[in-house]
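Secondary and tertiary structure notes
As a plain string of letters, each chain reads:
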Amino acid sequence: MRITSYGAAQTVTGSCHLVEASSLAGEYKLLLDCGAYQGAEDDRNAEPFGFEASRVDAVVISHAHHDHIGRLPVLVRQGYRGQIYLSEPTMRFLPVILEDSLRLMTEEHQRWERTGRKAPEPLWDQDDLNELYRRLEPVPLHQELAFGPFTVRLRGAGHLPGSAFIEVQEGRQRLVFSGDLGNRNKEVLPDPEDPPPAELVLCEGTYGDRPHRPFDETIAEFARILSEHLSQGGKVFIPSFALERTQEVLYHLRKLEQQNKIPSVPIYVDSPMAERISQIYPQVKRYFSPEVQALYEQGTDPFSPRQLRYAHTVDDSKALNELSGPLVIVAGNGMLSGGRILHHLRHGLSDPKNALVITSYQPRGGLGRILLEGAEQVRMFGEEVRVKAQSYTLGGFSGHAGQDELLDWLRGEHRVALVHGEPEKLQILARALGSRGQKAMMAEWGKPIEV
Ligand SMILES: [Zn+2]
């Protein structure tokens, strides 16, 4: 068999890899992930896949992040007529992610039309999404699936509830695709399972260059920042992604409150999408860590601090500007590139009692980076905003394995192709693997690798 990357090749987003092998019935094509490019590479979503959608026989998905599922509607629109196999949690989260993506695409389209310009044709629509929903086929982790010449199995990757790495066997050859591997130091999800020895591992390298800071230090700093600003009556703004990071932040707020390490204050989640995800969590509780499952057993919601409130409508969201602290606002989006968090910051950045706590990656040149670099003034919604609030970053919240964890996960393997990372970071990881006598290369777009 051979595998070819048509996304996340020397870049972080757009995960999409095609596995091919001959069988008696002819050539069989199995697609692993069909993700969208994000951020600066967004334009690449309109480019051809590099293979014919209608000739793919089956699709297997590692997890529900947009950069792993975002081009599925395009695949269906271009004639894919097979099933899409995924874990049960991934199947439940997928509509929330793709419907939000459709909403953003529609809003963008309307913005173009309002300015009288001809808007680019949307890449997909609700009909494609409906067609896609009919093709979803949930599979339990560890269950063996047979597709043409392949046997496939999902195993826990500890990155999202129900996230998986994918094992593909053809005859005596085995290929492992890591998907995204979770950060083992964290509490909410189980640790990634170990991979079986394989002829080739296609492995992510998002943090291939460095280990994360120990998680207990991260939480201690989080508690210190919260106590300091809340005791002064300040507001703490936490930009966050709706899927997993928001709930994880709520988990730690609840726990710190329980341990009396922070005062109990109103905590507002200002994201209808995060609320939808939170409602799914109790339905997939067996995909969490033993600690979280034990809390559910006791009848405690692990993700509900005492004074948790949701802002549903835009008016609810705006009303939060009128409230005085102490309070916490968790709102999207996590990269500060849009969403309700922006109007909270416009109102709150000029007050020195307030704090911005960043728990996720901030792109170069984005508002988050600018604030963390100590800007005294930023331009938002066409006006200058004086920055008096403190900005903090807590890298330990990362949902990805750090370099030390990646090296440990790959310890039993002899041949690795790296994907899902910036080239410099993948090179550092490749060198570290090479120094242990393992063969490591970087996957290139459209270039097949024989397993
Ligand atoms: Zn991911």
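Per chain, the residues get numbers from 1 upward, laid out in the order the sequence is written. With pLDDT at 70 or above as the cut-off, local features in this predicted model cover only qualifying residues; side-chain atom pairs require 80 or more to be listed or tallied, and sums for whole chains, interfaces and linings still use all residues. In computing side-chain properties, one takes all heavy atoms of the structure into account and sets aside hydrogens as well as water.

Helix and strand definitions follow DSSP, with helices as H or I runs of at least four residues and strands as E runs of at least two, each counted in order from the N terminus. In terms of helices and strands, the protein carries 13 helices and 22 strands. Our radius of gyration looks at C-alpha atoms and nothing else; its globule reference is 2.2 Å times the residue count to the power 0.38. Relative to the compact-globule value of 22 Å for 451 residues, the protein shows a C-alpha radius of gyration of 22 Å, a close match. Structurally, the protein occupies a C-alpha span of about 70 × 55 × 45 Å along its principal axes. Categorising residues by exposure relies on relative accessible area from a 1.4 Å probe, with only protein chains included: less than 20% of the type maximum marks a residue as buried, more than 50% marks it as exposed, and the intermediate range marks it as partly exposed. For the protein, with 451 residues in total, the buried portion stands at 56%. For the protein, the exposed area adds up to about 18,800 Å²; of that, 48% sits on carbon and sulfur atoms. Only the protein chains shown count as cover for residues, with accessible areas throughout obtained via the Shrake-Rupley method and a probe of 1.4 Å.

With that out of the way, let us pick up the sheet that holds strand S10 (residues 173–177). A pair of strands is considered paired only if DSSP assigns at least 2 bridges between the two. Overall, mixed pairing links the 7 strands, which are arranged S7-S8-S9-S10-S11-S20-S21 in an open sheet. Edge strands, defined here as strands with exactly one partner in the open sheet, are strand S7 (145–147) and strand S21 (439–442). Each strand axis lies, on average, 20 degrees off the axis of its neighbour in the sheet, ignoring direction. In this sheet, strand S20 (residues 415–419) lies alongside strand S11 (residues 200–204) in parallel orientation, the contact comprising 4 bridges. Along S20, the bridge assignment pairs Leu202 with Ala417. In what follows, a contact means two residues having at least one pair of non-hydrogen atoms within 4.5 Å. The convention used is that axes are lines fitted to C-alpha atoms, helices contributing only their stretch in contact, and that angles between N-to-C directions extend from 0 to 180 degrees. Running at roughly 165 degrees to S20, helix H13 (residues 423–434) makes contact with S11, S20 and S21 of the sheet.

This part covers the coordination of the zinc ion. Metal-coordinating donors are taken as N, O and S atoms lying within 2.8 Å of the metal, or within 3.2 Å when the metal is Na, K or Ca; because water is left out, some sites can appear incomplete. For the zinc ion, every protein donor is listed as His63 (NE2), His65 (ND1), His159 (NE2) and Asp180 (OD), and the spread of their distances is 2.2 to 2.3 Å. Bound by 4 donor atoms, the zinc ion shows angles of 89 to 169 degrees at the metal and therefore irregular coordination geometry. Counting gaps between the donor residues of the zinc ion yields the pattern H-x1-H-x93-H-x20-D. Separated by 117 residues along the polypeptide, His63 in the loop between strand S4 (58–60) and helix H1 (66–69) and Asp180 in the loop between S10 and S11 bring together distant segments of the chain. Neither His63 nor Asp180 differs from the other in exposure class; each is buried. Every geometry call rests on angle ranges, with four donors termed tetrahedral when all angles are between 85 and 135 degrees, four termed square planar and six termed octahedral when opposite donors are over 155 degrees apart and all others are between 65 and 115, and everything else termed irregular.

Further remarks concern the environment of Leu141. Positionally, Leu141 belongs in the loop between strand S6 (136–138) and S7. Remark: the alpha-carbon pair of Leu141 and Val328, spanning 187 residues in sequence, is separated by 37 Å.

What follows deals with the packing of helix H3 (residues 88–114) against helix H4 (residues 126–133). For the pair H3 and H4, the least separation of the axes is 11 Å and the interaxial angle reads 170 degrees. Classified by the angle their axes make, H3 and H4 are roughly antiparallel. Residues Leu94, Pro95, Leu98, Glu99 and Leu102 of H3 pack against Gln126, Leu129, Leu132 and Tyr133 of H4. In this count, Pro and Cys sit with the nonpolar residues alongside Ala, Val, Leu, Ile, Met, Phe, Trp and Tyr, while Asp, Glu, Lys and Arg are called charged and the others, Gly among them, polar. Tallied by class, residues from the contact of H3 with H4 come to 7 nonpolar, 1 polar and 1 charged. Under this scheme an angle from 65 to 115 degrees is roughly perpendicular, one under 35 degrees roughly parallel, and one over 145 degrees roughly antiparallel; angles in between are oblique.

A few words on the sheet that holds strand S3 (residues 26–32). Strand order in the open sheet made by the 7 strands is S6-S5-S4-S3-S2-S1-S22, with mixed pairing throughout. With one partner strand each, in any of the chains shown, S6 and strand S22 (449–450) form the two edges of the open sheet.

With that settled, the discussion passes to the state of the cysteines. By definition, a disulfide links the sulfur atoms of two cysteine residues through a covalent bond. Two cysteine sulfurs form what is called a disulfide whenever their separation falls within 2.5 Å. Evaluated as defined, the whole model comprises 0 disulfides. Between Cys16, a cysteine without a disulfide, and Cys34, which holds the nearest cysteine sulfur, the sulfur-to-sulfur distance is 4.6 Å. By relative accessible area, which is 0% here, Cys16 ends up buried.

Put simply, a salt bridge is a Lys or Arg side-chain nitrogen that is within 4 Å of an Asp or Glu carboxyl oxygen. Applying the stated criterion to the full structure yields 38 salt bridges. With a shortest N-O distance of 2.4 Å, Glu167 and Arg155 are connected by a salt bridge. In this pair, Glu167 sits in strand S9 (residues 164–170) while Arg155 sits in strand S8 (residues 150–156), placing the two residues 12 residues apart along the sequence. For the pair shown, Glu167 and Arg155 are each scored as buried. Across the pair Glu167 and Arg174 runs a salt bridge whose closest N-O atoms are separated by 3.6 Å. Using a relative accessible area of 5% as the deciding quantity, one classes Glu167 as buried.

Right, let's talk about H4 for a bit. Helical geometry: 3.6 residues make up each α-helical turn, so side chains three or four residues apart lie on a common side. Residues of H4 that are buried include every one of Asp128, Leu129, Glu131 and Leu132, and no others. Buried residues in H4, looked at end-on, bunch into an arc of 160 degrees, giving them a common side. The elements touched by buried residues of H4 are helix H2 (72–77), strand S5 (84–86), H3 and S6. Polar contacts, as used here, are pairs of N or O atoms within 3.5 Å; protein pairs need one atom able to donate a hydrogen and one able to accept it. Residues neighboring in sequence count only if both atoms are side-chain atoms. Put simply, Asp125 is the residue that caps the front of H4, since its side-chain oxygen is 3.1 Å from the backbone nitrogen of Asp127. The directions from the helix axis to the C-beta atoms form the arc being described.

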